[in-house]
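# Architecture at a glance
Listed here are the chains, written in short residue letters.
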Amino acid sequence: MTGEPIRVLVVEDDPVAADAHVMYVGRVPGFVAVGKAHTGAEARRILDRTPVDLLLLDLHLPDVHGLQFARSLRAAGHQADVIAVTSARDLAVVREGVSLGVVQYVLKPFTFATLRDRLTRYAEFRAAVGEASGQDEVDRALAALRAPSPAALPKGLSAPTLERVTVALRESEEGLTATALAESVGISRITARRYLEHLVEAGRAGRSPLYGQVGRPELVYRWGRGR
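Since the model is a prediction, treat every value here as computed from it, not as a measurement.

Basis of the calculations
- Residues numbered from 1 in each chain as written.
- Predicted model: local features only at pLDDT ≥ 70, side-chain atom pairs only at ≥ 80, totals over all residues.
- Heavy atoms only, no water.
- Helix = DSSP H or I, 4+ residues; strand = E, 2+ residues; numbered from the N terminus.
- Buried < 20%, exposed > 50% of the residue type's maximum accessible area, 1.4 Å probe, protein only.
- Contact = heavy atoms within 4.5 Å.
- Areas by Shrake-Rupley, 256 points an atom, 1.4 Å probe, with all protein chains shown as cover.
- Core = buried A, V, L, I, M, F, W, Y, C linked by side-chain atoms within 4.5 Å.
- Pairing = 2+ DSSP bridges.
- Axes fitted to C-alpha atoms, helices over the stretch in contact; angles between N-to-C directions.
- Parallel < 35°, antiparallel > 145°, perpendicular 65-115°, else oblique.
- Left-handed = near helix turned anticlockwise from the far one by under 90°.
- Nonpolar A, V, L, I, M, F, W, Y, C, P; charged D, E, K, R; others polar.
- Salt bridge = Lys/Arg side-chain N within 4 Å of Asp/Glu carboxyl O.

Our focus in this paragraph is the overall build of the protein chain. Within the protein chain, the regular secondary structure consists of nine helices and eight strands. Within the protein chain, the proportion of its 227 residues that are buried is 45%. Within the protein chain, counting contacts between residues at least 6 apart in sequence, those at least 24 apart form 60% of the total. With an accessible surface of roughly 12,000 Å², the protein chain has 52% of that area assigned to carbon and sulfur atoms.

Another point: the nonpolar core. Of all hydrophobic cores here, the largest spans 21 residues; its most connected members are Val25, Phe31, Leu54, Leu56, Ile83, Leu115 and Leu119. For this core, the secondary structure elements donating two or more residues are β1 (6–11), α1 (15–26), β3 (54–58), β4 (81–86), β5 (102–107) and α5 (112–127). Considering every element that reaches this core, the biggest residue donor is α5, with five residues. For Ile83, the contacting residues outside a window of four places in its chain are Leu54, Leu55, Leu56, Leu57, Val103, Gln104, Val106, Arg118 and Leu119.

As for its position among the elements, His78 is in the loop between α3 (66–75) and β4. Once you skip the residues sitting within four places of it in the chain, His78 turns out to touch Arg44, Leu47, Asp48 and Leu73.

If you trace the five strands from one edge of the open sheet to the other, you get β2-β1-β3-β4-β5, paired in parallel fashion. Every other strand in the sheet has two partners, leaving β2 (31–37) and β5 as the edge strands with one partner each. On average, each strand axis in the sheet is inclined to that of its neighbour by 20 degrees, with strand direction left out of account. Where β1 lies against β3, four bridges are found, and the strand directions are parallel. Among the inter-strand pairings, Val11 is bridged to a residue of β3, identified as Leu57.

Once that is clear, we can look at the packing of helix α2 (residues 40–49) against α3. At a minimum axis separation of 11 Å, α2 and α3 run at an interaxial angle of 30 degrees. In terms of orientation, α2 lies roughly parallel with respect to α3. Note on packing geometry: the crossing formed by α2 with α3 is right-handed. In this structure, α2 uses Gly40, Ala43, Arg44 and Leu47 to contact α3, whose residues at the interface are Phe69, Ser72 and Leu73. In the contact of α2 with α3, the residues fall into four nonpolar, two polar and one charged.

Before going further, it helps to examine the pattern of salt bridges. A full pass over the atoms with the stated rule returns eight salt bridges. The salt bridge involving Asp53 is made with Arg7; its shortest N-O contact spans 3.1 Å. Taken together, the residues Asp53 in the loop between α2 and β3 and Arg7 in strand β1 connect sequence positions 46 residues apart. Under the relative-accessibility criterion, Asp53 is labelled buried at 12%.

A word on the environment of Val85. Within the secondary structure, Val85 is located in strand β4. As for Val85 and Leu107, which are separated by 22 residues in sequence, their C-alpha atoms are 5.9 Å apart. Those residues in contact with Val85, other than ones at most four positions away along the chain, are His21, Leu56, Leu57, Asp58, Leu59, Val106, Lys108 and Phe110.

Remember, this is a structural readout, not a statement about activity or role.
Here is the structure:
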């Protein structure tokens, strides 16, 4: 990919998720994260002083709904496109977002591969500029935005279970061992550990030994990188 990088602003209220998303964006050639914001007001201040091409926008911000925020940006003349990040699966929200410059939706929790696919397709869409020679060319440009299928998780992992694991880990202030997570979510200890290690590798969780027990110390996992 050549030319100027596509400038991305990450808008996400969870600091750990925001850091992970910034890291993800930085790993995709042709994209650069120019900042992160945890509220709509903070995002607006950044947009007023920093050129941004694309918002990676969480729809559930503490001070404003993401679509309401996108609507206010359009009214103020901001033209940045939007990839919406949400755990909601309401298709009415999807339809409403189309008119507000939402070019893609990413459902939480997602992997780097999922976001890389969406960003790459968005870059292809942006590159299709100029006057189309016919319907086929218009169709090809729009098709670049359509993901043929969700980016796959590692073999044996499923998105619904990953979401349950993520919620359980985020809600545990003291952290969870694979055994405790397995009991909480209703999966085997081996499966629980696979999901926990996936979150660690993705930069979403940290792990440390749990001492004070007989034998080899068990690992305790906590939401948040480097904790």
